[in-house]
Amino acid sequence: MRPTLADIAREAGVSAATVDRVMNDRPGVRAGMKAHVEGVARRLGYLMAETAAGKPVHLRLLLPEGTNAFINGLAMEAETQAAGRAGVTLRIDRFDAFDPGGLAGRLRALKGNVDGVALVALDHPAVR
């Protein structure tokens, strides 16, 4: 089972709020404490080791087309986070939110070609 933020907090001897600040790169945590929490997170397998065979990580984010402020903000934040991490490449694709068959086809095409996929979509059997 994958470790949780509570597991990291317990092992690091800090609060869950501190772990949350470290994992989300929020202010209010001293550099030494941040390094300690990140080390525990790596040891527990929550974070990948930065030197994981030097292999780059390719991520894909699939978001519905349109002018929704939340979705557009999510895309901007994902780009910002990916840009701040060495070895991470992120591609954001937009799709017709009301075409589950088209989205399912895109997901099938990604299989084996990326390291991770995140999406915002309708709950539909073709997508599941």
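My aim in this report is to walk through the structure given alongside it, one point at a time. (Residues numbered from 1 in each chain as written. Predicted model: local features only at pLDDT ≥ 70, side-chain atom pairs only at ≥ 80, totals over all residues. Heavy atoms only, no water.)

### Considerations on the overall build of the protein
1) Next: The helix and strand tally for the protein stands at five helices and three strands.
2) Next: Counting from the amino terminus, the protein carries its helices and strands in the arrangement α-α-α-β-α-β-α-β.
3) Next: Seen along its three principal axes, the alpha-carbon backbone of the protein occupies a region of about 45 × 35 × 25 Å.
4) Next: Expressed as a percentage of the 128 residues in the protein, the buried residues total 23%.
5) Next: By sequence separation, contacts in the protein at least 24 residues apart represent 57% of the contacts at least 6 residues apart.
6) Next: As presented, the protein carries roughly 8,500 Å² of accessible surface, and 56% of it is formed by carbon and sulfur atoms.
7) Next: Of the side-chain charges in the protein, 17 are positive and 14 negative, and the distance between the mean point of each set is 4 Å. (Helix = DSSP H or I, 4+ residues; strand = E, 2+ residues; numbered from the N terminus. Buried < 20%, exposed > 50% of the residue type's maximum accessible area, 1.4 Å probe, protein only. Contact = heavy atoms within 4.5 Å. Areas by Shrake-Rupley, 256 points an atom, 1.4 Å probe, with all protein chains shown as cover. Lys, Arg positive; Asp, Glu negative; His and termini not counted. Charge placed at Lys NZ, Arg CZ, Asp CG, Glu CD.)

### Considerations on the pairing of strand 2 (residues 88-95)
1) Next: Pairing of strand 1 (residues 57-64) with strand 2, which is carried by eight bridges, proceeds in the parallel orientation. Its bridge partner lying in strand 2, Leu62 is registered against Asp93.
2) Next: In terms of handedness, the path from strand 1 via helix 4 (residues 69-83) over to strand 2 forms a crossover that is right-handed. (Pairing = 2+ DSSP bridges. Right-handed = clockwise from strand over helix to strand, strands pointing away.)

### Thoughts on the sheet that holds strand 3 (residues 116-119)
1) Next: Strand order in the open sheet made by the three strands is 2-1-3, with parallel pairing throughout. Looking at the sheet topology across the chains shown, the edges are occupied by strand 2 and strand 3. Averaged over all neighbouring strand pairs, the angle between strand axes comes to 20 degrees, with direction disregarded.
2) Next: Strand direction decides the pairing type here: strand 1 and strand 3, joined by four bridges, are parallel. Paired with Leu62 across the two strands is Leu119, which belongs to strand 3.
3) Next: On top of the sheet, helix 4 reaches strand 1 and strand 2; it is set at about 165 degrees to strand 2, its chief contact. (Axes fitted to C-alpha atoms, helices over the stretch in contact; angles between N-to-C directions.)

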